[in-house]
Amino acid sequence: MFFILAYVVLLACCGMCLYRVGRGPTAPDRAMAIDILGVVVVCFTALLALKTGEAFYMDIGIAWAILSFIGTIALAKHLEGRGFDE
Amino acid sequence: MNSVMGMICVAIGLVFNVLGCIGMIRLPDMYNRLQASTKCVTMGTSMVLIGVMIASGFAHSAQLSVRCIICMAFILIAAPTAAHALAHGAYSFGVRLWEKSIVNRYEEDFPQKAPKQEHE
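Calculation rules
Residues numbered from 1 in each chain as written. Chains lettered and ligands numbered in written order. Predicted model: local features only at pLDDT ≥ 70, side-chain atom pairs only at ≥ 80, totals over all residues. Contact = placed C-beta atoms within 7 Å. Helix = DSSP H or I, 4+ residues; strand = E, 2+ residues; numbered from the N terminus. Nonpolar A, V, L, I, M, F, W, Y, C, P; charged D, E, K, R; others polar. Core = buried A, V, L, I, M, F, W, Y, C linked by C-beta atoms within 7 Å. Buried ≥ 20, exposed ≤ 12 C-beta atoms within 10 Å, placed from the backbone. Expected span 1.5 Å × (residues − 1). Axes fitted to C-alpha atoms, helices over the stretch in contact; angles between N-to-C directions. Parallel < 35°, antiparallel > 145°, perpendicular 65-115°, else oblique. Left-handed = near helix turned anticlockwise from the far one by under 90°.

**Student:** How should I be thinking about the interface of chain A and chain B in this particular structure?
**Tutor:** Interfaces are often described in size by the accessible area the parts lose on coming together. Facing 42 residues of chain A, the contacting portion of chain B comprises 43 residues. Residue assignment for the side of chain A that touches chain B shows that the elements contributing at least two residues are helix H1 (2-23), helix H2 (27-52) and helix H3 (56-80) of chain A. At 16 residues, H2(A) tops the list of elements feeding residues into the side of chain A that touches chain B. Along the lines of polarity and charge, the residues of the side of chain A that touches chain B split into 32 nonpolar, four polar and six charged.

This is the structure we're talking about:
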């Protein structure tokens, strides 16, 4: 029961992030919403790992966090109009 | 006992996550939204990971606990860094502040970095 409630709450968070992705008036708004969505998904994978007892779900979470971080940095540098090495 | 304490920590973290996402929906401009959502969601997810660590039992499933610690350390370092880079990028891109914002220290300190064009 607790897990069902937690999944619903996290799905609501993901829905709010996707609302901001779709609605966001500027491009940085959308990039920010994607970044927050990545962190919320890490939360999701942690709860799945706890429910099922399988530790490899956390591996998915770590990989998702790293990819989200790299993507956000790349988008920020692109918005700033600079390359990766500046 | 472990399970109940872990569930309480998870619930606190979820409340923080929801409040951060509501702030991301409701606040008026990009910088307000950025600070609300980044801080709340980062610390809320850390709390959820701590709760998962407690609820799974540290000794019985050391694999999960170690992965939770690694993930938490990475998120605590990476999410504020990404938000900082994103705020710089948004300012250079030309996102305007909310019209009721009263101070812009970045513009006072670095007037040469003002955006060339402004986006609504």
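**Student:** Would you mind going over the nonpolar core with me for this structure?
**Tutor:** Most often, soluble globular proteins keep nonpolar side chains buried together rather than apart. A:Ile36, A:Val40, A:Ala46, B:Val52, B:Cys68 and B:Leu86 are the most contacted members of the largest nonpolar core, which totals 59 residues. For this core, the secondary structure elements donating two or more residues are H1, H2 and H3 of chain A together with helix H1 (2-26), helix H2 (30-56) and helix H3 (62-93) of chain B. Discounting chain neighbours no more than four positions away, the residues touching B:Leu86 are A:Pro28, A:Ala31, A:Met32, A:Asp35, A:Thr72, A:Ala76 and B:Leu34.

**Student:** Whenever I open this one, H2(A) confuses me. Can you help?
**Tutor:** Helical geometry note: an α-helix holds 3.6 residues per turn, so side chains three or four residues apart project in the same direction. Residues and elements named next belong to chain A. Its 26 residues give H2 an end-to-end C-alpha distance of 38 Å, which sits within 8% of 38 Å, the value for a rise of 1.5 Å per residue. For H2, the tally of buried residues reaches 20 of 26 residues, placing the bulk of the element in the interior. At the C-terminal side of H2, Gly53 shows a positive phi close to 75°.

**Student:** When you look at the packing of H1(A) against H1(B) in this model, what are you seeing that I'm missing?
**Tutor:** The relative placement of two packed helices is expressed as an angle between their axes plus a distance between the axes. Where H1(A) meets H1(B), the closest approach of the two axes is 9 Å, and the angle between their N-to-C directions is 20°. Accordingly, the angle class assigned to the pair H1(A) and H1(B) is roughly parallel. Crossing geometry of H1(A) relative to H1(B) is assigned as left-handed. Within the contact between the two elements, H1(A) uses A:Phe2, A:Ala6, A:Val9, A:Ala12, A:Cys13, A:Met16, A:Cys17, A:Tyr19 and A:Arg20 and H1(B) uses B:Met7, B:Val10, B:Leu14, B:Asn17, B:Val18, B:Cys21, B:Ile22, B:Met24 and B:Ile25. Grouping the amino acids of the contact of H1(A) with H1(B) by side-chain chemistry returns 16 nonpolar, one polar and one charged.

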